[in-house]
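Next come the chains, spelled out residue by residue.
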Amino acid sequence: MKCERCEGVASVRLVLVVNDEKVERHLCERCAETQGDLAPTIHAPPDDDNKVAALAAASIEIRRAAAIDTSPRCPSCETTHNQFRRQGKLGCPDCYAAFRTQLDGLLDKIHGRTRHRGKRPDQPPTEAALGYRLTELQGRLARAVGSESYEEAAQLRDQIRALAPTTGTHGAP
Amino acid sequence: MELHSLSSTTGEWLRGEGPESDIVISTRIRLARNLRGRPFPPRAGPEARGLAEAFVRERVRGAAPFAEGVCLELARSSELDRKLLVERHLISRELANAEGQRSVAFTRDESTSVMINEEDHLRIQVIRSGMQLAACWEAADRVEHTLGSRLDFAFDDAFGYLTSCPTNVGTGMRVSVMLHLPALVLTKQMERVFEAMSKISLAVRGLFGEGTSASGDFYQISNQVTLGFDEAQLLGRLNDVIPKVIEHERHTRDALLADNRVKLEDRVWRALGVLRTARRISSEETMETLSSVRLGVNLGLLPGLSISTINTLFILTQPAHLQKLEGRPLATPERNERRARFIREQLGAP
């Protein structure tokens, strides 16, 4: 999320209660500090709207969330683990390395697994695709045998035999 | 390509062919990929976003399947054009409504597309008519490999292909099979399907994916997990389950015919009657009646109508298509009139 004042990354969420009405502000640390909203006395900036200008007479609740964020931080994009937890999105590919320890638990919850199996960038396309073609044919073969369609089963078996030598170790499970 | 020309045609995946096409509309595979060393689009500032988009777009445009195709910068497109692309399943609602630099490239038959700067830098999509998991995967794998030779995709030995949201990490693959299940809806059995699917980590969604309703009795069944299983296993899971859902729908259709033939005939003929005679018709009523007619055609109750005509009407009667066809914005009442006229024309009714 962007800072409402300067387009930087909003890392501070201020919840101001003005005349029983909740006003949320999303600011970067620098703007939050310079605005003075985090100091005990609130100085409404001149360009702000009436609600904030009325702050002096209002009850104020301030939640200073990320300003003191000491959770792990991605060295590439500066996203903190707390930010990720709030937004559900990582900042950049390097976040995966930065939050590796914390991610394992989360990935296990989402996927029931934590390690990749499957295609890799160095894998030629036919290998991965043929692996599945074989799985599919074997499924159809099992169904054909189950329904006693032996002619179809024989054809499928031939197709599997024709494919198998080219797929090497990437056979179907 | 002028987008206007799209408003009177549909992509190849709607031609109503391919295995099990009476029930399976289409098979779609989406692969999420990102560039190494660059912020993911949702977290990138305008400049980084623009740089990544231009970089990817140039390389996608030069790649074999897209060189002869269409490439659109969505920040420069009108809202209506973006809606048209959503209605054709070429881009997501999220990409249409996002801000900043983003684009889409697709082949002329609309079977292959790449969304650039959606939630991930690239969302590669391949779509086929009917139940075609193997063909779809082979095509997606090929396109991904071609683009991977031109772009450095972020990959980690442990986590696989890295994505903005951890729900897509690993294979980055979402396989969706779109099914037309009017008999299961009619007999109120969809809840059971939902329950059965969620037990095996498959999601059931509406016509336009996440968070959309199942209008027209269309449902998309897709894998929920993307990590820890290879592509063949994820495809295999759908390949095991979809035939069971198809069989269940067919069985229910047969039972409806056997027990209540007249009631079913009455339903589909009335629906056709509405479509052939209405002077004003809403989107919702169109989806509902077209669904009944589609069921009727598949059961052989409505001779002389083709499935591809009906499939096509589902897309071409949507709001952005009608407005594109008319060449101007239409308010709802006008649109309902235009829709009714368009349907009558397509069905050869006065």
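Residues numbered from 1 in each chain as written. Chains lettered and ligands numbered in written order. Predicted model: local features only at pLDDT ≥ 70, side-chain atom pairs only at ≥ 80, totals over all residues. Heavy atoms only, no water.

Student: Describe the domain arrangement of chain B, with residues and values.
Tutor: Residue and element names in this part refer to chain B. Domain annotation of chain B identifies domain 1 (3–249) and domain 2 (256–347). The distance between the C-alpha centroids of domain 1 and domain 2 comes to 27 Å. On the domain 2 side, the residues contacting the 32 residues of domain 1 number 22 residues. Regarding the contact of domain 1 and domain 2, the summed buried area is about 2,200 Å², with carbon and sulfur atoms giving 67% of it. There are 1 salt bridge connecting domain 1 and domain 2. (Domains from an automatic or database assignment. Contact = heavy atoms within 4.5 Å. Buried area = accessible area lost by both parts, 1.4 Å probe. Salt bridge = Lys/Arg side-chain N within 4 Å of Asp/Glu carboxyl O.)

Student: Summarise the packing of aromatic side chains; cite the residues concerned and give the values.
Tutor: All names here are of chain B. Here the structure, examined in full by the defined rule, presents 5 aromatic pairs over all chains. Where phenylalanine 155 meets tyrosine 161, the ring centres are 4.9 Å apart and the plane angle is 65 degrees; that geometry is what we call edge-to-face. Like tyrosine 161, phenylalanine 155 is buried. Geometry around phenylalanine 55 places arginine 59 over its ring, the cationic atom sitting 3.8 Å from the centre. (Phe/Tyr/Trp six-rings, centres within 6.5 Å; stacked < 30°, edge-to-face > 60°. Buried < 20%, exposed > 50% of the residue type's maximum accessible area, 1.4 Å probe, protein only. Lys NZ or Arg CZ within 6 Å of the ring centre and 35° of its normal.)

Student: I'd love a proper account of the side chain of glutamine 189 of chain B, names of residues and values included.
Tutor: Residues and elements named next belong to chain B. Inspection of the secondary structure assignment puts glutamine 189 in the loop between α6 (182–186) and α7 (190–199). We classify glutamine 189 as buried; its relative accessible area is 13%. The contact partners of glutamine 189, leaving out residues within four places of it in the chain, are Leu184, His248 and Thr252. (Helix = DSSP H or I, 4+ residues; strand = E, 2+ residues; numbered from the N terminus.)

Student: Explain the nonpolar core to me, using residue names and the numbers behind them.
Tutor: Residue and element names in this part refer to chain B. Among the nonpolar cores identified, the biggest contains 52 residues, and Ile29, Val60, Leu147, Leu179 and Ile242 are the most heavily contacted of them. With sequence-adjacent residues up to four places away left out, isoleucine 242 is seen in contact with Val24, Met131, Val177, Leu179 and Ile221. With 36 residues, the next largest nonpolar core counts Leu257, Leu275, Leu302 and Phe314 among its residues. (Core = buried A, V, L, I, M, F, W, Y, C linked by side-chain atoms within 4.5 Å.)

Student: Please set out the confidence of the model for chain B residue by residue, giving values where relevant.
Tutor: Residues of chain B with pLDDT of at least 70 account for 97%, and the chain-wide mean is 93. Scored by ipTM, the complex comes to 0.89, with pTM at 0.80. (pLDDT = per-residue confidence, 0-100.)

Student: Describe the pattern of salt bridges, listing the residues and the values that go with them.
Tutor: A full pass over the atoms with the stated rule returns 30 salt bridges over all chains. As a salt-bridge pair, lysine 119 of chain A and glutamate 144 of chain B come within 3.0 Å of each other at their nearest N and O atoms. Taken together, the positions of lysine 119 of chain A in the loop between α5 (100–111) and α6 (125–146) and glutamate 144 of chain B in helix α5 (residues 133–148) put the pair across two chains. Classification of lysine 119 of chain A by relative accessible area gives buried; the value is 1%. We note a salt bridge from aspartate 122 of chain A to arginine 120 of chain A, for which the minimum N-O separation is 4.0 Å. The class for aspartate 122 of chain A is exposed, based on a relative accessible area of 63%. According to the relative accessible area criterion, arginine 120 of chain A is partly exposed, its value standing at 31%. One salt-bridge network, held together by shared partners, links Lys89 of chain A together with Glu118, Glu119, Asp120 and Arg123 of chain B.

Student: Describe the packing of helix α9 (residues 283–298) of chain B against helix α10 (residues 307–316) of chain B, listing the residues and the values that go with them.
Tutor: Residues and elements named next belong to chain B. Their axes nearest at 10 Å, the elements α9 and α10 cross at an angle of 165 degrees. Judged on the interaxial angle alone, α10 and α9 are roughly antiparallel. For the crossing formed where α9 meets α10, the hand is left-handed. Mapping the contact onto sequence places Met287, Leu290, Ser291, Val293, Arg294, Val297 and Asn298 in α9 and Ile307, Ile310, Asn311, Leu313 and Phe314 in α10. Split by residue class, the contact of α9 with α10 holds 8 nonpolar, 3 polar and 1 charged. (Axes fitted to C-alpha atoms, helices over the stretch in contact; angles between N-to-C directions. Parallel < 35°, antiparallel > 145°, perpendicular 65-115°, else oblique. Left-handed = near helix turned anticlockwise from the far one by under 90°. Nonpolar A, V, L, I, M, F, W, Y, C, P; charged D, E, K, R; others polar.)

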